[in-house]
Amino acid sequence: AAAGGALLLTTGANASDSAGQGVGLHWTADRGFYYIVRFQLDTLATSKFEVVMTDANNDDACAVDTKATPTFTATDCAIVVRDTTDDTNVTFVSNGGTTDANADSSITFAAATYYVVEIVGGGPTSTTGDNVTAYINGQRIGSGNINGATLLTPWVHVTTRTTATRGLTVDYMGCIGRRSF
């Protein structure tokens, strides 16, 4: 934890060390969810972060295995991800539905600067709950599909790509959704 109630995730100092936090598989896109996170990364160089709704709870490898293609360790997920092993873009990707998302943000991230990520599942235009959409600082990044019936958890994750620690500070995060229809 950090002063003021923030959550500080700090990696170890070995390449590919990581730190993450999920809260449990309690939400589905069929019921609709709204996930919001305000966070910052202390150092952008040689790092990876994910802000995600995923079915892979406590996955040390993250939900996205390779951002470039992308390939996933999660079966159903909606993710805002940045991984310097691929490029410096912040990208929204999804997996598990009929149309997976893969859209780069036009926002240039800076170290030690807070950003707000929102991921919305289901919603008024979705008849099955499979639709997911991501926003950064209120700007729509992209949309795609997941399996709306799958249980998901909110998850934040950071990985170092070098022999130095990386820290991700979560100022706040929350997820709401209907408990039943």
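All values derive from a computational prediction rather than experimental measurement.

(A) Structural detail: the packing of aromatic side chains. Scanning the entire structure with this criterion turns up four aromatic pairs. Ring centres 3.8 Å apart and planes at 20 degrees place the aromatic pair Phe109 and Tyr115 in the stacked group. With respect to burial, Phe109 and Tyr115 carry one shared label: buried. The rings of Phe39, Phe49, Phe109 and Tyr115 are connected pair by pair, giving a single aromatic cluster. Lying over the aromatic face of Tyr114, Arg38 brings its terminal NZ or CZ to 4.0 Å of the ring centre.

(B) Expanded view of the sheet that holds strand S3 (residues 33-41). What the six strands build is an open sheet, ordered S1-S14-S3-S10-S11-S12; its pairing is antiparallel. The outermost strands of the open sheet, each flanked by one partner alone, are strand S1 (7-10) and strand S12 (139-145). Direction aside, neighbouring strands of the sheet carry axes that sit 25 degrees apart on average. When S3 meets strand S10 (residues 115-121), the two strands line up antiparallel, connected through seven bridges. Counterpart to Val37 in the pairing with S10 is Val117.

(C) Quick look at the environment of Leu7. Within the fold, Leu7 resides in strand S1. Of the residues examined, Leu7 reaches a relative accessible area of 26% and is grouped as partly exposed. Placed 43 residues apart in sequence, Leu7 and Glu50 show a C-alpha to C-alpha distance of 15 Å. Excluding residues within four positions of it along the chain, Leu7 makes contact with Gln21, Leu168, Thr169 and Val170.

(D) Region of interest: unusual backbone geometry. Phi at Ser16 takes a positive value of approximately 75 degrees, unusual for a residue other than glycine. Residue Ser16 is classed as partly exposed on the basis of its relative accessible area, which comes to 49%. In this structure, Thr46 is a non-glycine residue whose phi angle is positive, near 45 degrees. Looking at where Thr46 falls in the secondary structure, it is placed in the loop between S3 and strand S4 (47-54). By relative accessible area, Thr46 is classed as partly exposed at 32%.

(E) The pattern of salt bridges, seen in detail. Applying the stated criterion across every chain, the model contains five salt bridges. Here Lys48 makes a salt bridge to Glu50, at a shortest N to O gap of 3.5 Å. Each member of the pair, Lys48 as well as Glu50, carries the same accessibility label: buried. Close ionic contact of Lys67 with Asp86 constitutes a salt bridge, the shortest N to O distance being 3.6 Å. A residue pair is termed long-range when its members are at least 10 positions apart, and Lys67 in the loop between strand S5 (64-66) and strand S6 (71-72) and Asp86 in the loop between strand S7 (77-83) and strand S8 (91-95) qualify at 19 residues. When its relative accessible area of 4% is taken as the criterion, Lys67 is described as buried. With a relative accessible area of 30%, Asp86 lands in the partly exposed category. Where salt bridges share partners, they join Lys67, Asp86 and Asp87 into one cluster.

(F) Region of interest: the nonpolar core. Counting 34 residues, the largest nonpolar core has Phe33, Tyr35, Phe39, Phe109 and Ile136 as the members making the most contacts within it. Mapped onto this core, the elements with two or more residues apiece are S3, S4, S7, S10, strand S11 (131-136), strand S13 (153-160) and strand S14 (167-177). When neighbours within four sequence positions are excluded, Phe33 is seen to be in contact with Trp27, Thr28, Met53, Ile119, Val120, Gly121, Val132, Leu152, Cys175, Ile176 and Gly177. Judged by nonpolar contacts, the second largest core, of ten residues, contains Ala56, Val64, Ile79 and Val93.

Cut-off values and rules
- Residues numbered from 1 in each chain as written.
- Predicted model: local features only at pLDDT ≥ 70, side-chain atom pairs only at ≥ 80, totals over all residues.
- Heavy atoms only, no water.
- Phe/Tyr/Trp six-rings, centres within 6.5 Å; stacked < 30°, edge-to-face > 60°.
- Buried < 20%, exposed > 50% of the residue type's maximum accessible area, 1.4 Å probe, protein only.
- Lys NZ or Arg CZ within 6 Å of the ring centre and 35° of its normal.
- Pairing = 2+ DSSP bridges.
- Helix = DSSP H or I, 4+ residues; strand = E, 2+ residues; numbered from the N terminus.
- Axes fitted to C-alpha atoms, helices over the stretch in contact; angles between N-to-C directions.
- Contact = heavy atoms within 4.5 Å.
- Salt bridge = Lys/Arg side-chain N within 4 Å of Asp/Glu carboxyl O.
- Core = buried A, V, L, I, M, F, W, Y, C linked by side-chain atoms within 4.5 Å.

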